[in-house]
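So the chains spell out like this:
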Amino acid sequence: MKAVVMERLSRDAGRREEALNEYFAVAMPDMEEAQTKQLASMIPVVLPALYEKWVGMFLDKITETVPAEQLELLCDGSDESSASIVLVYIMFLESERMEKQIAQDLAEYGKAHSNDPDLGSVAADYIRAKMTQLGGQIKKQNE
């Protein structure tokens, strides 16, 4: 399961953007497709440790809550099962608990990497600010 999710996040830039776009489409369904694609393309590849952490949290939760027989069915290697795993992961990420965890992890990452040459804190701050800005725009449009 871990390999399926990690492949969607980091296999290559195109696949990574596709996975991020899918996440934003689910997490912010009122956002236009062009906006989700733009946001996905702007997120830098500086957060592999966080992706690994979040996937680990997902695996802990799914093995804790889903019976082993059902997990075995999901891990049959078929395209349909892989798509189901990714969908469940996306749903996990949009949970209230994970939204808070992601915000906390990005804030901590920004603090810890404020002097890194790869501008990790700038990336983390940008992601948080852009998500907040786009969320506010969507709320205004729906009012």
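Conventions used here
Residues numbered from 1 in each chain as written. Predicted model: local features only at pLDDT ≥ 70, side-chain atom pairs only at ≥ 80, totals over all residues. Heavy atoms only, no water. Helix = DSSP H or I, 4+ residues; strand = E, 2+ residues; numbered from the N terminus. Buried < 20%, exposed > 50% of the residue type's maximum accessible area, 1.4 Å probe, protein only. Contact = heavy atoms within 4.5 Å. Areas by Shrake-Rupley, 256 points an atom, 1.4 Å probe, with all protein chains shown as cover. Core = buried A, V, L, I, M, F, W, Y, C linked by side-chain atoms within 4.5 Å. Axes fitted to C-alpha atoms, helices over the stretch in contact; angles between N-to-C directions. Parallel < 35°, antiparallel > 145°, perpendicular 65-115°, else oblique. Left-handed = near helix turned anticlockwise from the far one by under 90°. Phe/Tyr/Trp six-rings, centres within 6.5 Å; stacked < 30°, edge-to-face > 60°. Expected span 1.5 Å × (residues − 1). Salt bridge = Lys/Arg side-chain N within 4 Å of Asp/Glu carboxyl O.

(A) Geometry of the overall build of the protein chain. The helix and strand inventory of the protein chain stands at eight helices and zero strands. Taken from N to C terminus, the helices and strands of the protein chain fall in the order α-α-α-α-α-α-α-α. When burial is assessed residue by residue, the protein chain has 36% of its 143 residues classed as buried. Considering only intrachain contacts with a sequence separation of at least 6, the fraction spanning at least 24 residues in the protein chain is 67%. Accessible surface computed for the protein chain: about 8400 Å², of which carbon and sulfur atoms make up 55%.

(B) Here's a closer look at the environment of phenylalanine 92. Along the chain, the position of phenylalanine 92 falls in helix H6 (residues 79-93). Along the sequence, phenylalanine 92 and tryptophan 54 sit 38 residues apart, while their C-alpha atoms lie 9.5 Å from each other. Beyond its immediate sequence surroundings of up to four residues, phenylalanine 92 is in contact with Trp54, Met57, Phe58, Lys61, Arg97 and Met98.

(C) Representation of the nonpolar core. Membership of the largest hydrophobic core comes to 27 residues, with the highest contact counts inside it found for Trp54 and Leu93. Taken together, the elements giving at least two residues each to this core come down to helix H2 (13-27), helix H3 (33-42), helix H4 (48-65), helix H5 (68-74), H6 and helix H7 (96-112). The element best represented in this core is H4, accounting for eight residues.

(D) Structural view of the packing of H4 against H7. Following both chains from N to C, one finds H4 and H7 inclined at 155°, their axes separated by 11 Å at the closest point. Classified by the angle their axes make, H4 and H7 are roughly antiparallel. Considering only the axes of H4 and H7, their crossing is right-handed. Between H4 and H7, the contacting residues are Leu50, Lys53, Trp54, Met57 and Lys61 on the first element and Arg97, Met98, Gln101, Ile102, Asp105, Leu106 and Tyr109 on the second.

(E) Highlighting the packing of aromatic side chains. What the rule picks out here adds up to three aromatic pairs. Seen from their ring centres, phenylalanine 58 and tyrosine 89 are 5.2 Å apart, and the 75° between their planes marks the pair as edge-to-face. Pair noted here: phenylalanine 58 is in helix H4 and tyrosine 89 is in helix H6, with a separation of 31 residues, a long-range link. Owing to a relative accessible area of 4%, tyrosine 89 belongs among the buried residues under this scheme.

(F) Up close: H4. Along its 18 residues, H4 runs 26 Å from first to last C-alpha, staying within 8% of the 26 Å computed at 1.5 Å per residue. For H4, every residue scored as buried is listed here: Leu50, Tyr51, Trp54, Val55, Met57, Phe58, Leu59 and Ile62.

(G) Quick look at the pattern of salt bridges. Within this structure, the stated rule accounts for three salt bridges. Residue glutamate 64 pairs with lysine 61 through a salt bridge whose shortest N-O separation is 3.7 Å. Of this pair, glutamate 64 and lysine 61 both sit in helix H4, separated by three residues, roughly a single helical turn. Measuring nitrogen to oxygen at the nearest pair gives 3.3 Å for the salt bridge that ties glutamate 96 to lysine 100. You can see glutamate 96 and its partner lysine 100 sitting in helix H7, four residues apart, about one turn around the helix.

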